[in-house]
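Structural characterization, general
Read off the chains here:
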Amino acid sequence: MRSKVAAALVIALVATGCGASESDGPLVIYSGRSEELVAPLIDRFTEKTGVAVEVRYGDSTELAATLLAEGSSTDADVFFAQDPASLGAVDDLLRRLPQDLLDRVPEAFRDIEGRWLGVSGRVRVMIYNPALVDDSDLPGSVFDLADPKWAGQIAIAPTNGSFQAFVAAMILSSGEDKTLAWLQAIAANQPIDFPGNSPIVEAVDAGDVSLGLVNHYYLLRLQEERGGSVARNHFFSDGDIGGLVMPAGAGILTGTNVPDGARQFLEFLLSPESQKYFSETTFEYPLLEGSEASAELPPLSSLTAPTIDLSELAGLLDRATDLVTEAGLL
Amino acid sequence: MTATVPILAPPPRTTSRQGPPGRWWWVVALLAVLPGLLPPVVLVAQVVTGGAVRTVPISRLLELLWQTGGLVWAVTLAAGLVGLATAWLTTATDLQGRRIWSTLVTLPLVIPSYVGALTLLGATGARGILSEVTGWFGWGPIPTPIGFFGAFVVLTVYSIPLVHLTVVPVLRRLDPALEDAARGLGAPRWRVFRTVTLPQLRPPLAAAGLLVALYAVSDFGAVSLLRYDTFTRAIYAQYQGRLDRRPAMTLAVVLIVVALTVLWMERRTRGRAAYHRSKTSRPRTPVALTRGGRVGGTALLALLVVAGLGLPIAVIGSWLARGVGLGLEIGSIWSEAARSVTVSVISATIAALAAIPVAITTVRYRSRISSSIDTAMWSSYALPHITVGLALVAFSLAYARSWYQSLALLIVGYVAMFLPQAAGSAQSVLLQVSPQLEEASLSLGRSRWRTLTAITIPLMARGLAVGAALVFLTVMKELPATLLLRPTGYETLAVRIWSTTAEGFYTRASAAALLLLTVSALPLYLLISRDLHD
């Protein structure tokens, strides 16, 4: 009788604990892509295939770290990440994908060993406010932003996964020394740091900051929400690392107990319907061979994507964070 | 969050030798506070065994200590001064509408700091609502207050209610006889306040200072959105941006040391003071304000209400209106709201139940064990939420795999952090109840269990209800621990606001924020009616 309260406590805790089921229930997706963007797509997948889905949303790097900590006992079946570095970080936990699936996307946007593939492309750009930056002043290379004339005018999101993956890519293409020197020059230019890409786009559009380093699609989204924008995207060309094209992609965990559902999900992401969604709703580049990007964007082929092996990015992710910290930006 | 530290003079005797339900209940109380001890132990163990100590450069630690410390000092000092002023204006003076002001000033309590910060960002800058207003007068836009200043403003505005709610009940019960005597002896009004009133307010001010300082140490949302680099922001950046989790854990251990230092400092300054009022005391005569005092006082109160409540609601409302006008989707918020309410109700209920043995043990059976339990409990209250999240994730991954990412673990985390709110509230009520009532029941032949359920618990009921309301309110708003601990797919309103803001979907963020405020209104009402209108 006396221990009734204590017993009730224990029962309540245990009962709620049992809610977390195991075994071959729903398809569990760890999504580094935000709920706002991909939830409608996932709902459509369930509607079409009848496969029940549970999604854990988070930052791509964070979820990669989570997968590494969970190891082979993870509940996740699919990892859907917004950058190749996060996918590469967990590639030991990913199974090889069927060749026919891999062949649907260009070779540059998938893992050499076929453990993950890109489903949509995003381009690093410089967003700028034409009232504050004259078109004739636009830098030809992201390295030109090291020039002191840009002091106090640059917005960056140093904690953002895309920025970190971009720095990792710079290490890969230009070496550590040059990357650190660039980061230090940016730091000397007293950049304004933001928690993410969206606030940068907001601030540049409002004229609070002249320019910012972001992914290309944030501006298009703001234009949709606002019905227009002052700010514009500047695409770095000629193979400049500032114009890096990075795929968001997916892979299947080795320990999955719903391999068919997982495979169906990847196929769905590469279906014309989903590719159209990426193109028209999230304003990314569809990567399925033969599909077309939004007419408002320069065609992917016109962007001279830098020739780096995306599979190597993962190993450089923490190094990139170290350099960003060392330069005093984090 | 509010006056959970017992301050008022208790009845002559509060401890008991034979009251219900028996001395051995300290075991149950210990079980209740145990989860709160887990986080520091886990983090220290992980840092020591994982060789994590050297993953963070010492210069970085010093920088974070300086910046976090500076913010905490400034916010505590400013909120303490302003909160004291609002409490005094609405309790001790003849200010018009003081009762309504007193309620209005506490309402910002429902607004999470990250919503406050978000709306500050939305109100300023070239596109901000406030800048539009200044534009009508031909003035330039208000610059966005980022960095230290922005974080300072937001945290101060949202912690003033904590000071107000803690000081008002004490101020109301102060014996006016002392002040009257001083005035009768010819002391000017300011000197009476400084030498008679203020010293009596030292205990509640110290308690309020502790609450504010811990709030500032633990805050994650506002400093992140306003880009001021403190420990919590750095911990999340490391957690989110790195595959190696050791640097985040190392920073978390240092942050826990900071928080416990704050707690220790408060214990040192508070002392053991208790003030009694004379039995025949008259109600206090309100201080007659001068014309300038009336205008200034009303202006201060109005400014606080506009900044803490009017502005957020205006910004949220305008975002929502704009979004709906453009035909944007609000997206799902009802299932998020249902989840928020579910975890908040479960956590509040468990915390209130667990508060019973803790309050009884610590109030009725004073011993070394019970005071250790009390200390342990308050220490867990001091833990910054992000460190609790980090620790429980690491703990469940390593030792309790079946609890990992479970709703149960999330609730354990909430209860570990917020049990002190329920227990503190129960303690202060129980302190006012004489143990003679329970002893009489026992001597009349009722069993201990029966006495507990028929006498003690009903007498504590109001304290438990208020404590549960407080826990509900806090869980609804909680962000960093929820981000780390929520089960897969378990998005709450707080998480929703955070993720939609990060992605720039302000229409959706504002709909979720509005719903969060609405749901929080009822428990807030319960709280306010206790502390302000006894």
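Residues numbered from 1 in each chain as written. Chains lettered and ligands numbered in written order. Predicted model: local features only at pLDDT ≥ 70, side-chain atom pairs only at ≥ 80, totals over all residues.

1. Thoughts on the overall build of chain B
The line we're drawing: Put simply, DSSP marks the helices as runs of H or I at least four residues long and the strands as runs of E at least two long, and each gets a number from the N terminus on. For this measure, only C-alpha atoms enter the radius of gyration; the expected value for a globule follows 2.2 Å times N^0.38, where N is the number of residues. Whether a residue is buried, exposed or partly exposed is read from the other C-beta atoms within 10 Å of its own C-beta, which are placed from the backbone; 20 or more gives buried, 12 or fewer gives exposed, and intermediate counts give partly exposed. Whether two residues are in contact is decided by their C-beta atoms, placed from the backbone, lying within 7 Å.
Along the backbone of chain B there are 22 helices and zero strands. Expected size for 534 residues packed as a compact globule is a radius of gyration near 24 Å; at 24 Å, chain B falls within 12% of this value. The buried share of chain B, taken over its 534 residues, is 55%. Look at the contacts in chain B between residues 6 or more apart in sequence, and 84% of them connect residues 24 or more apart.

2. A look at the interface of chain A and chain B
Threshold: Just so you know the grouping, Ala, Val, Leu, Ile, Met, Phe, Trp, Tyr, Cys and Pro go in nonpolar, Asp, Glu, Lys and Arg go in charged, and all remaining residues, Gly too, go in polar.
With 52 residues of chain A at the contact, the number on the chain B side is 45 residues. Broken down by secondary-structure element, the contributors of at least two residues to the side of chain A that touches chain B are α1 (4–18), α2 (35–49), β2 (53–57), α3 (60–70), α6 (161–174), α8 (197–206), α9 (217–226) and α12 (317–326) of chain A. For the side of chain A that touches chain B, the per-class residue count stands at 24 nonpolar, 14 polar and 14 charged.

3. Here we look at the pairing of strand β1 (residues 27–31) of chain A
Two faces, one strand: in a regular strand the side chains alternate between the faces of the sheet. Residues and elements named next belong to chain A. Our working definition: A clockwise course of the path from the first strand over the helix to the second, judged with the strands pointing away from the viewer, identifies a crossover as right-handed. For two strands to be treated as a pair, DSSP must find no fewer than two bridges joining them.
Within β1, five of the five residues are buried, which leaves it mostly tucked inside the rest of the structure. The alternating pattern of β1 places Leu27, Ile29 and Ser31 and Val28 and Tyr30 on opposite faces, both of which are buried. Viewed along the sheet, the connection from β1 through α2 into β2 turns out right-handed. Note that β1 and strand β3 (residues 78–81) share three bridges and pair parallel. Looking at β3, one finds that Ser31 is bridged to Phe80.

4. A word on helix α15 (residues 368–382) of chain B
For clarity, the cut-off: In a helix, the anticipated span is given by 1.5 Å times the number of residues less one.
In a regular helix each residue adds 1.5 Å, so 15 residues correspond to 21 Å; α15 of chain B covers 21 Å between its end C-alpha atoms and thus fits that length. Along α15 of chain B, the residues classified as buried are Ser370, Ile373, Asp374, Met377, Trp378, Ser380, Tyr381 and Ala382 of chain B.

5. Observations concerning the environment of Ala314 of chain A
Residues and elements named next belong to chain A. Take Ala314: it is sitting in the loop between β10 (285–286) and α12. Counting along the chain gives 149 residues from Ala314 to Ala165, while the straight-line C-alpha distance between them is 8.4 Å. Beyond its immediate chain neighbours, meaning those up to four positions away, Ala314 contacts Ala85, Gly88 and Ala89.

6. A look at the packing of helix α14 (residues 334–364) of chain B against helix α19 (residues 448–477) of chain B
Residue and element names in this part refer to chain B. What counts, and what does not: Each axis is a line fitted through C-alpha atoms, and for a helix only the stretch in contact is used; angles between axes span 0 to 180 degrees, taken between their N-to-C directions. We call two directions roughly parallel when the angle between them is under 35 degrees, roughly antiparallel when it is over 145, roughly perpendicular when it lies between 65 and 115, and oblique otherwise. If you view the pair so one helix is near and one far, a crossing is left-handed when the near helix is turned anticlockwise from the far one by less than a right angle, and right-handed when it is turned clockwise.
Relative to each other, α14 and α19 sit at 140°, their axes nearing to 8 Å. Overall, the two elements α14 and α19 adopt an arrangement that is oblique. The handedness of the crossing between α14 and α19 comes out as right-handed. Its residues placed into classes, the contact of α14 with α19 shows 17 nonpolar, six polar and no charged.

7. Regarding the packing of helix α1 (residues 26–49) of chain B against helix α16 (residues 385–399) of chain B
In helix packing, the relevant descriptors are the interaxial angle and the interaxial distance, both defined with respect to the helix axes. Residues and elements named next belong to chain B. One way to put it is that α1 packs onto α16 with a least axis distance of 8 Å and a crossing angle of 65°. With respect to each other, α1 and α16 are oriented roughly perpendicular. Between α1 and α16 the crossing geometry is left-handed. Across the interface between the two elements, Leu38, Pro39, Val42, Leu43 and Gln46 from α1 touch Thr387, Val388, Leu390, Ala391, Leu392, Ala394 and Phe395 from α16.

8. Overview of the nonpolar core
Put simply, the test is: The term nonpolar core means buried Ala, Val, Leu, Ile, Met, Phe, Trp, Tyr and Cys residues held together as one set by C-beta atoms within 7 Å.
If you look at the biggest cluster of nonpolar residues, it comprises 273 residues, and the most contacted ones within it are Phe79 of chain A together with Ala351, Ala355 and Leu419 of chain B. For this core, the element with the most residues is helix α17 (residues 407–431) of chain B, which contributes 17 residues. Apart from the residues lying within four places of it in its own chain, the contact partners of Ala355 of chain B are Leu419, Ala422, Ala423, Ala426, Leu464 and Gly467 of chain B.

9. Let's talk about the pairing of β3 of chain A
Residue and element names in this part refer to chain A. Here β3 shows no split at all, with Val78 and Phe80 on one side and Phe79 and Ala81 on the other all buried. As paired strands, β3 and strand β9 (residues 245–252) are joined by four bridges and run antiparallel to one another. Bridge pairing in β9 places Ala81 opposite Gly249.

10. A word on the environment of Ile457 of chain B
Considering the arrangement of structural elements, one finds Ile457 of chain B in helix α19. C-alpha of Ile457 of chain B to C-alpha of Leu430 of chain B: the two residues are 27 residues apart in sequence and 9.3 Å apart in space.

11. Observations regarding the confidence of the model for chain A
All names here are of chain A. So the rule is basically this: Scored from 0 to 100, pLDDT reflects the predictor's confidence in each residue.
Averaged over all residues, the pLDDT of chain A equals 87, while 92% of them reach at least 70. Across chain A, β3 holds the top mean pLDDT of 96, while α1 sits lowest at 46. Scored below 50 in pLDDT, residues 8–23 shows 19 contacts in the model against residues more than four places distant or in partner chains.

12. Some thoughts on the environment of Ala181 of chain A
All names here are of chain A. Turning to its location among the elements, Ala181 is positioned in helix α7 (residues 176–188). Judged by local crowding, Ala181 falls into the partly exposed class, with 15 C-beta atoms found within 10 Å. For Ala181 and Ala327, which are 146 residues apart along the polypeptide, the C-alpha to C-alpha distance reads 8.4 Å.

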